[in-house]
There are 2 protein chains.
Amino acid sequence: MRTRKILLTENEIPDHWYNIMADMPNKPLPPLHPGTKEPIGPEALAPLFPMELIKQEVSAEKWVPIPDPVRDVYTMWRPTPLYRAYGLEKALDTPAKIYYKYEGVSPAGSHKPNTAVPQAYYNKMEGVKRITTETGAGQWGSALAFACNLFDIECEVYMVKISYDQKPYRKLMMNTWGAQVYASPTNLTQAGRQILAADPNSPGSLGIAISEAVERAATDEQTKYALGSVLNHVLMHQSIIGLEAIKQLEKAGDMPDVVVAPFGGGSNFAGIAFPFLRLNFEEGRTIRCIAAEPASCPKLTRGVFRYDFGDTVGMTPLLPMYTLGHNFVPAPIHAGGLRYHGAGVIVSQLLKDKLIEARAYDQLDCFEAGVLFARSEGIIPAPEATHALVTVLEEANAAREAGESRTILFNLCGHGHFDLKAYEDYFAQKLVKHEVTSAEIEASLAMLDTPLID
Amino acid sequence: MRTRKILLTENEIPDHWYNIMADMPNKPLPPLHPGTKEPIGPEALAPLFPMELIKQEVSAEKWVPIPDPVRDVYTMWRPTPLYRAYGLEKALDTPAKIYYKYEGVSPAGSHKPNTAVPQAYYNKMEGVKRITTETGAGQWGSALAFACNLFDIECEVYMVKISYDQKPYRKLMMNTWGAQVYASPTNLTQAGRQILAADPNSPGSLGIAISEAVERAATDEQTKYALGSVLNHVLMHQSIIGLEAIKQLEKAGDMPDVVVAPFGGGSNFAGIAFPFLRLNFEEGRTIRCIAAEPASCPKLTRGVFRYDFGDTVGMTPLLPMYTLGHNFVPAPIHAGGLRYHGAGVIVSQLLKDKLIEARAYDQLDCFEAGVLFARSEGIIPAPEATHALVTVLEEANAAREAGESRTILFNLCGHGHFDLKAYEDYFAQKLVKHEVTSAEIEASLAMLDTPLID
């Protein structure tokens, strides 16, 4: 009988994360102070993050050890299976071999707990009592709620009000793990009160929710803040995905020609791709790594490389990134996890250096690919994950047309159990194309007065 | 590092199902014709089921081979992991060792595909074009939709109208896998039209939905019907759960003192317990097998053992079962999968012969146990599964009080991703006790004119 899933035992869970910073030919430029525009050091992050995470954020060590208690929690769902996509290959009639790493087996249903768990752990070690964060659709909020519960830390989630009202299941999941979830804007913070004073019916935004969560952490000694993507330490924690995948592919006697992942802020893509980029750096391999982003929020394919704020209101340090401008408001596509104006610093530098590729897709093509996947492989993918699927289809079709084999690996970052409404809208033909015009991008970028990069 | 999950490789998936009929000291009494009340043979089932399943229904063979194409589909999620519940053990401060088999990793999210897949396969082999079924909350309907899609058979699901309206996510899941889902009663069947003529706003019931699905199959040559529990062949297909668990526990060097599962019609309980009962029969072991049913629908603990219909309207053969009477209407608890008036024939005989035990629990205690589990083990359990959890808690506490070790295994039959509304109601203290009174049970039983058993 053919083998569909390549599995690892728990003692094969990697004991170190991979830090790509050590191997990058050009290191990222430093962050700048939002006011002075001067380079800032790690100490500027101390009010928000525990020291160990700040160290990791600026570390140049290639391998960072995973603490035993974190590895022990990882065994709740890791190692995740690597699937050979026999059903999809057959449906596509392609000579390509397709593999996917399935991160939806985590209790929170996505790859996000890979970083939520170590973040909660390091906070606990440093005596932190409470962690705040923001969440949109709720993937990150539920991962952090799950992790905080296990380490007995209070978790406070500022959930964008419109999502809070429209997506009650994710909120209920967070409650079940004991987290406090607020519809943002709230009356609990200065930032929230200010917004509500201007508009008592504000539907909220990720930018507002970030401001509330950060304010809470900055004004309370026992409270820290956590972020689910973009930052270096977050991307590093996700490297466990690719490290496991390499072990699994070695067992299958295979190695990918192409590695694909959806792209929001970068943690999903970095998680699977960076360990393969290491093989390019170290062994001279030529594995292509492709980030798949939404056409409605195309920072990698149509953004500019310059300094910009990480948040909408301009409170964070300025980061050197591919960006559509921090005032850019993406269309309300169903892949909420990909609606972010900028790309993480490391990914941006790698793209600038042409060490990775990027493609953008409309959500109609994404859902079409998602339904094909659900019907050929069984698993209903999260809308975010369907973006990677379109790249997989392109590569598999190219292999068929060229009459050549090709090995494709992609990150199936989560299941779509909480996104079935999106599939319903797709079937009912209620979804529309959301490609952004050049004028819209130019208008957003014209508002920037942040430093350019040469 | 301690090992949390005991895994098997795909080639360790059992190649035979276990048929407990071969080992039962007292075989079940025969089914009776609903009209004549005379014993009927397997040929009576021919309009509804393919021959191979009818053969399995009456088979006395101890081991029935699993066809390779079925095992190949099983590899989409099987073998399922066996977890050592370290988190729950710690939360309970018990000397007991607790294990659980996690069936929620299937694409449909429960154990139901274990039988949906072979049922779809055998129908396909016999040229069937379409399978009909009924579903309440939707676990079974989504499992059958998943299976039919893989074998390219049309799937028609009659979903109880009130669930269709209140639980859209399960319906959308079925649609995503290509199934046609109707809110029952419909205008498509004689049975449905009759109900609608009397009450155009009928909310439907499982009994009505069964009538519609059966009528469709009985009146169309190319259409068959499928059932998700109760019948012998369904229980046998589920034996894969316990067979895998035995292999896994042997790897861990352990063997349970107690095996526990939730009880609706019997497939969940039979799936994990029957292979352990085989060890009792063959090796003289004394493993206790406990079925956990809802206090609102207590057929095993408070029902009578007599002939009764499998459906509400009295169309099916009469089966010898523990029953509350086919007119019994259980309270609308959230564990929809356990709201069935009777128990499968084999389980009933085993209970009659005192070879298994049964306990009944109120849903408030079940949700309390479910939240404890979610917070200690991470996985949010389906409401059905929380019934088994209460038994686990009782056994673990008994072990602590007795100051002795005890090994407990239970079947975590599914996740609660589509049941979070139920958890919300629990947190909001909207759930009430639903214990049924003796008078209610007596009133339902008094309506029966079906044959008694000595």
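Residues numbered from 1 in each chain as written. Chains lettered and ligands numbered in written order. Predicted model: local features only at pLDDT ≥ 70, side-chain atom pairs only at ≥ 80, totals over all residues. Heavy atoms only, no water.

K.L.:
Could you clarify how one ought to interpret the overall build of chain A in this entry?
P.N.:
Across its full length, chain A carries 17 helices and 15 strands. Reported as C-alpha extents along the three principal axes, the dimensions of chain A are approximately 60 × 50 × 50 Å. Across the 454 residues that make up chain A, the buried fraction comes to 65%. A separation threshold of at least 6 residues defines the contact pool for chain A, and within that pool the share at least 24 residues apart is 77%. Entry remark: accessible area of chain A is about 15700 Å², with carbon and sulfur atoms responsible for 51%. Taking the average place of the 42 positive charges on the side chains of chain A and the average place of its 53 negative ones, the gap between the two points comes to 4 Å. (Helix = DSSP H or I, 4+ residues; strand = E, 2+ residues; numbered from the N terminus. Buried < 20%, exposed > 50% of the residue type's maximum accessible area, 1.4 Å probe, protein only. Contact = heavy atoms within 4.5 Å. Areas by Shrake-Rupley, 256 points an atom, 1.4 Å probe, with all protein chains shown as cover. Lys, Arg positive; Asp, Glu negative; His and termini not counted. Charge placed at Lys NZ, Arg CZ, Asp CG, Glu CD.)

K.L.:
Even after reading the chapter, I still don't get the sheet that holds strand β4 (residues 82–84) of chain A, so can you show me in this structure?
P.N.:
Whenever strands of a sheet pair, they do so through backbone hydrogen bonds, lying parallel or antiparallel. Residue and element names in this part refer to chain A. Pairing within the open sheet is mixed, and its 7 strands lie in the order β1-β4-β5-β15-β10-β11-β14. Edge positions in the sheet fall to β1 (5–6) and β14 (357–361), since each has one partner strand and no second. As paired elements, strand β10 (residues 258–262) and strand β15 (residues 407–412) share 3 bridges and run parallel to each other. Residue pairing for β15: V259 is matched across the bridge by L409. (Pairing = 2+ DSSP bridges.)

K.L.:
I keep staring at helix α13 (residues 345–352) of chain A and nothing clicks. Help me out?
P.N.:
Residues and elements named next belong to chain A. The buried fraction of α13 is high, at 7 of 8 residues. For α13, the set of buried residues is V345, I346, V347, S348, Q349, L350 and L351. Those residues of α13 that are buried lie in contact with α10 (232–251), α11 (267–283), α12 (299–302), β12 (304–309), β13 (318–323) and β14. A positive backbone phi angle near 60° is found at K354, which sits one or two residues after α13.

K.L.:
Teacher, can you tell me more about the domain arrangement of chain A here?
P.N.:
Reports often express the size of an interface as the amount of accessible area lost when the parts come together. All names here are of chain A. Structurally, chain A comprises domain 1 (5–10 + 67–109 + 239–446) and domain 2 (49–63 + 112–232). Between domain 1 and domain 2, the C-alpha centre-to-centre distance is 23 Å. Counting residues at the interface gives 33 residues for domain 1 and 28 residues for domain 2. Interface of domain 1 and domain 2: buried area, both sides summed, is about 2500 Å²; carbon and sulfur atoms make up 68% of it. Its salt-bridge partner being E282, residue K62 comes within 2.5 Å of it at the nearest N-O pair. (Domains from an automatic or database assignment. Buried area = accessible area lost by both parts, 1.4 Å probe. Salt bridge = Lys/Arg side-chain N within 4 Å of Asp/Glu carboxyl O.)

K.L.:
It is not clear to me how the side chain of D362 of chain A should be interpreted in this structure. Could you clarify?
P.N.:
Residues and elements named next belong to chain A. Tracing the backbone through its elements, the reader meets D362 in the loop between β14 and α14 (363–377). Buried within the structure, D362 lacks any salt-bridge partner; its nearest side chain of opposite charge belongs to K433, at an N-O separation of 4.1 Å. A distance of 2.9 Å separates the side chain of D362 from the backbone nitrogen of H434, its partner in a polar contact. In this view, D362 contacts A295, V432, K433, H434 and E435; residues no more than four positions away in its chain are not counted. (Polar contact = N/O pair within 3.5 Å; in protein donor to acceptor, adjacent residues only side chain to side chain.)

K.L.:
What is the right way to read the relation of the copies chain B and chain A from this model?
P.N.:
Both copies of the chain are related by one operation, a rotation about an axis with a shift along it. Once chain B is rotated about the relating axis by 180° and shifted along it by 0.0 Å, it coincides with chain A to within an RMSD of 0.0 Å. Here the copies are linked by what is in effect a two-fold axis. Both copies contact each other with a shared surface, as 100% of the interface residues of chain B are interface residues in chain A too. (Least-squares fit on C-alpha atoms with pLDDT ≥ 70 in both.)

K.L.:
Where do I start with the interface of chain B and chain A in this structure?
P.N.:
Every contact between the two is made by 45 residues of chain B and, on the other side, 45 residues of chain A. At the boundary of chain B and chain A, one finds 6 salt bridges. R4 of chain A is the partner of D72 of chain B in a salt bridge, and the nearest nitrogen-oxygen pair spans 3.1 Å. Put simply, chain B and chain A have 27 residue pairs in polar contact (both at pLDDT 80 or more) between them.

K.L.:
I keep staring at the environment of G266 of chain B and nothing clicks. Help me out?
P.N.:
All names here are of chain B. Here G266 is to be found in the loop between β10 (258–262) and α12 (267–283). Separated by 25 residues in the primary sequence, G266 and A291 have C-alpha atoms spaced 8.6 Å apart. With near-sequence residues (within four places) excluded, G266 lies in contact with S229, L235 and V347.

K.L.:
I would appreciate a short explanation of the sheet that holds strand β6 (residues 130–135) of chain A in the present structure.
P.N.:
All names here are of chain A. Pairing is parallel across the open sheet formed by 4 strands, whose spatial order is β8-β7-β6-β9. Each having just a single partner strand, β8 (180–184) and β9 (223–225) make up the two edges of the open sheet. Sheet twist, expressed as the average angle between the axes of neighbouring strands with direction ignored, equals 25°. As defined by bridge partners, strand β7 (residues 154–160) adjoins β8 across 5 bridges and the pair is classed as parallel. Its bridge partner lying in β8, V157 is registered against V181. (Axes fitted to C-alpha atoms, helices over the stretch in contact; angles between N-to-C directions.)

K.L.:
Which parts of the structure should I look at to understand the environment of I453 of chain B?
P.N.:
Residues and elements named next belong to chain B. Tracing the backbone through its elements, the reader meets I453 in the segment after α18 (438–446). C-alpha separation for the pair I453 and Y307, spaced 146 residues apart in sequence, amounts to 7.0 Å. Look past the residues within four positions of I453 in its chain and what remains in contact with it is L29, F305, R306, Y307 and P320.

K.L.:
Looking at this structure, I do not really get the packing of aromatic side chains. What am I missing?
P.N.:
For any pair of aromatic rings, the description consists of the separation of the ring centres together with the inter-plane angle of the planes. Residues and elements named next belong to chain A. Counted by the stated rule, this structure contains 39 aromatic pairs over all chains. Ring geometry for Y83 versus Y100: centroids 4.9 Å apart, planes at 5°, classification stacked. Here Y83 is found in strand β4, whereas its partner Y100 is found in strand β5 (residues 97–102), with 17 residues between them in sequence. With respect to class, Y83 is no different from Y100; both count as buried. Between the aromatic rings of Y83 and Y102, the centroid separation amounts to 6.5 Å while the plane-to-plane angle is 70°, which identifies the pairing as edge-to-face. Of this pair, Y83 sits in strand β4 while Y102 sits in strand β5, placing them 19 residues apart in sequence. Of the two residues, Y83 and Y102, both sit in the buried class. Ring pairs connect the aromatic residues Y83, Y100, Y102, F373 and F410, which therefore count as one cluster. When the ring centre of Y99 is taken as reference, the NZ or CZ atom of R84 above it lies at 5.7 Å. (Phe/Tyr/Trp six-rings, centres within 6.5 Å; stacked < 30°, edge-to-face > 60°. Lys NZ or Arg CZ within 6 Å of the ring centre and 35° of its normal.)

K.L.:
Please explain the side chain of K101 of chain B as it appears in this structure.
P.N.:
Residue placement: K101 of chain B occurs in strand β5 (residues 97–102). One polar contact links K101 of chain B to Q248 of chain B, side chain to side chain, over a distance of 2.7 Å.

K.L.:
Can you walk me through the confidence of the model for chain A in this structure?
P.N.:
Looking at chain A, pLDDT values average 95 and 100% of them are 70 or higher. Scored by ipTM, the complex comes to 0.95, with pTM at 0.96. (pLDDT = per-residue confidence, 0-100.)

K.L.:
For this particular structure, what's the right way to read empty space enclosed by the protein?
P.N.:
It is the rolling of a water-molecule-sized probe over the atoms that shows where space remains empty. All names here are of chain A. Under the criterion given, the structure shown has 4 cavities of 30 Å³ or more. Looking at side-chain class alone, the lining of the largest cavity contains 25 nonpolar, 12 polar and 2 charged residues. Quantified by volume, the second largest cavity comes out at close to 60 Å³. Of all elements in the fold, only α1 (51–58) and α10 reach the threshold of two or more residues within the lining of the second largest cavity. Among the elements that line the lining of the second largest cavity, the one with the most residues is α10, at 4 residues. Class assignment of the residues belonging to the lining of the second largest cavity gives a composition of 7 nonpolar, 4 polar and 1 charged. (1 Å grid on protein atoms, 1.4 Å probe; cavity = no way out; pocket = protein on both sides within 12 Å on 5 of 7 lines; lining within 4 Å. Points joined across faces, edges and corners; volume = space filled by probe spheres on them. Nonpolar A, V, L, I, M, F, W, Y, C, P; charged D, E, K, R; others polar.)

K.L.:
Looking at this structure, I do not really get the packing of helix α4 (residues 113–125) of chain B against helix α5 (residues 139–150) of chain B. What am I missing?
P.N.:
All names here are of chain B. One can describe the packing of α4 onto α5 by two numbers: an axis separation of 8 Å at closest approach and a directional angle of 40°. Relative to α5, the element α4 is oriented oblique. Between α4 and α5 lies a crossing whose hand is right-handed. Contacts between α4 and α5 pair P113, T115, A116, V117, Q119 and A120 from the former with W140, A143, L144, F146, A147 and C148 from the latter. Tallied by class, the residues present in the contact of α4 with α5 amount to 10 nonpolar, 2 polar and no charged. (Parallel < 35°, antiparallel > 145°, perpendicular 65-115°, else oblique. Left-handed = near helix turned anticlockwise from the far one by under 90°.)

K.L.:
How should I be thinking about the packing of α1 of chain A against helix α4 (residues 113–125) of chain A in this particular structure?
P.N.:
Two quantities define a packed helix pair, namely the angle between the helix axes and the distance between the axes. All names here are of chain A. Running from amino to carboxyl end, α1 crosses α4 at an angle of 130°, the nearest separation of the two axes being 8 Å. By the angle class used here, α1 and α4 are oblique. Of the residues in α4, those touching α1 at E52, L53 and Q56 are Q119, Y122 and N123. Residue classes in the contact of α1 with α4 are distributed as 2 nonpolar, 3 polar and 1 charged.

K.L.:
Sorry, what's going on with the pattern of salt bridges here?
P.N.:
Pairing is possible between side chains that carry opposite charge, provided their charged atoms lie close to one another. Residue and element names in this part refer to chain B. Enumeration according to the criterion identifies 52 salt bridges over all chains in this entry. Of the charged contacts in the structure, one is a salt bridge between R285 and E283, with a shortest N-O distance of 2.8 Å. Residue classification places E283 among the partly exposed residues on the basis of a relative accessible area of 46%.

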